[in-house]
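# Structural description and commentary
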Amino acid sequence: MTQHERTVMAFDDQGREYMIDIFANPRELSEMQHEGAVQGTPTFRTHDGHDVTYLGNGEFMVMVPGEEGGVTVRTDDSEFV
């Protein structure tokens, strides 16, 4: 089950704002390995529902219809910089 964890703001080269939602994917492990859920790899989507890929160093690639290859956006959020 995917849970909304937080939202960060990012901007493209033209100053347009993108709200990127971060979702946690907790996974249950078998009783033989560990007890309870562990944190999986996060997933990213914009508020508008567009797919987002984290590129590293505060940069994300937003897949926007009509933009071949997506739009690169940047955040100054301390978790990603």
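I will try to describe carefully the structure that is included in this document. Given the structure is predicted, the values throughout are model-derived calculations rather than measurements. (Residues numbered from 1 in each chain as written. Predicted model: local features only at pLDDT ≥ 70, side-chain atom pairs only at ≥ 80, totals over all residues. Heavy atoms only, no water.)

This brings us to the overall build of the chain. Broken down by element type, the chain carries zero helices and eight strands. Along the chain, helices and strands appear, N-terminal first, in the series β-β-β-β-β-β-β-β. For the chain, restricting intrachain contacts to residue pairs at least 6 apart in sequence, the fraction spanning at least 24 positions comes to 27%. (Helix = DSSP H or I, 4+ residues; strand = E, 2+ residues; numbered from the N terminus. Contact = heavy atoms within 4.5 Å.)

A side chain with one charge may pair with a side chain of the opposite charge, provided their charged atoms come close. Counted by the stated rule, this structure contains four salt bridges. The salt bridge partner of D77 is R6, with a shortest N-O separation of 2.4 Å. You can see D77 sitting in the segment after β8 (71–74) and its partner R6 sitting in strand β1 (residues 3–11), a full 71 residues away along the chain. Looking at R6, the relative accessible area reads 24%, which means it is partly exposed. (Salt bridge = Lys/Arg side-chain N within 4 Å of Asp/Glu carboxyl O. Buried < 20%, exposed > 50% of the residue type's maximum accessible area, 1.4 Å probe, protein only.)

Let us now look at the packing of aromatic side chains. Tallying each qualifying case throughout the model produces six aromatic pairs. Plain terms: the ring middles of Y54 and F80 are 5.2 Å apart, the flat faces sit at 65° to each other, and that makes the pair edge-to-face. Of this pair, Y54 sits in strand β6 (residues 51–56) while F80 sits in the segment after β8, and the two are 26 residues apart along the sequence. A residue is classified by how much of its surface remains accessible, and Y54, at 31% relative accessible area, is partly exposed. The exposure class of F80 is buried, given its relative accessible area of 7%. Relative to F80, the ring of F60 lies with its centre 5.3 Å away and its plane at 65°, an arrangement referred to as edge-to-face. Residue F60 is found in strand β7 (residues 59–62), and its partner F80 is found in the segment after β8; the two are separated by 20 residues along the sequence. Taken together, F44, Y54, F60 and F80 form an aromatic cluster joined through their ring pairs. (Phe/Tyr/Trp six-rings, centres within 6.5 Å; stacked < 30°, edge-to-face > 60°.)

This part takes up the pairing of β8. Of the two faces of β8, the one lined by V71 and V73 is fully buried and the one lined by T72 and R74 carries no buried residue. With four bridges joining them, β7 and β8 adopt antiparallel strand pairing. Bridging across to β8, F60 finds its partner in V73. (Pairing = 2+ DSSP bridges.)

As a further point, take the environment of T72. Within the element layout of this structure, T72 appears in strand β8. Filtering out sequence-adjacent residues up to four positions away, T72 remains in contact with D12, L55, E59, F60 and M61.

Here we come to unusual backbone geometry. Phi is positive for N57, close to 50°, though the residue is something other than glycine. Position of N57 among the secondary structure elements: in the loop between β6 and β7. The class for N57 is exposed, based on a relative accessible area of 62%.

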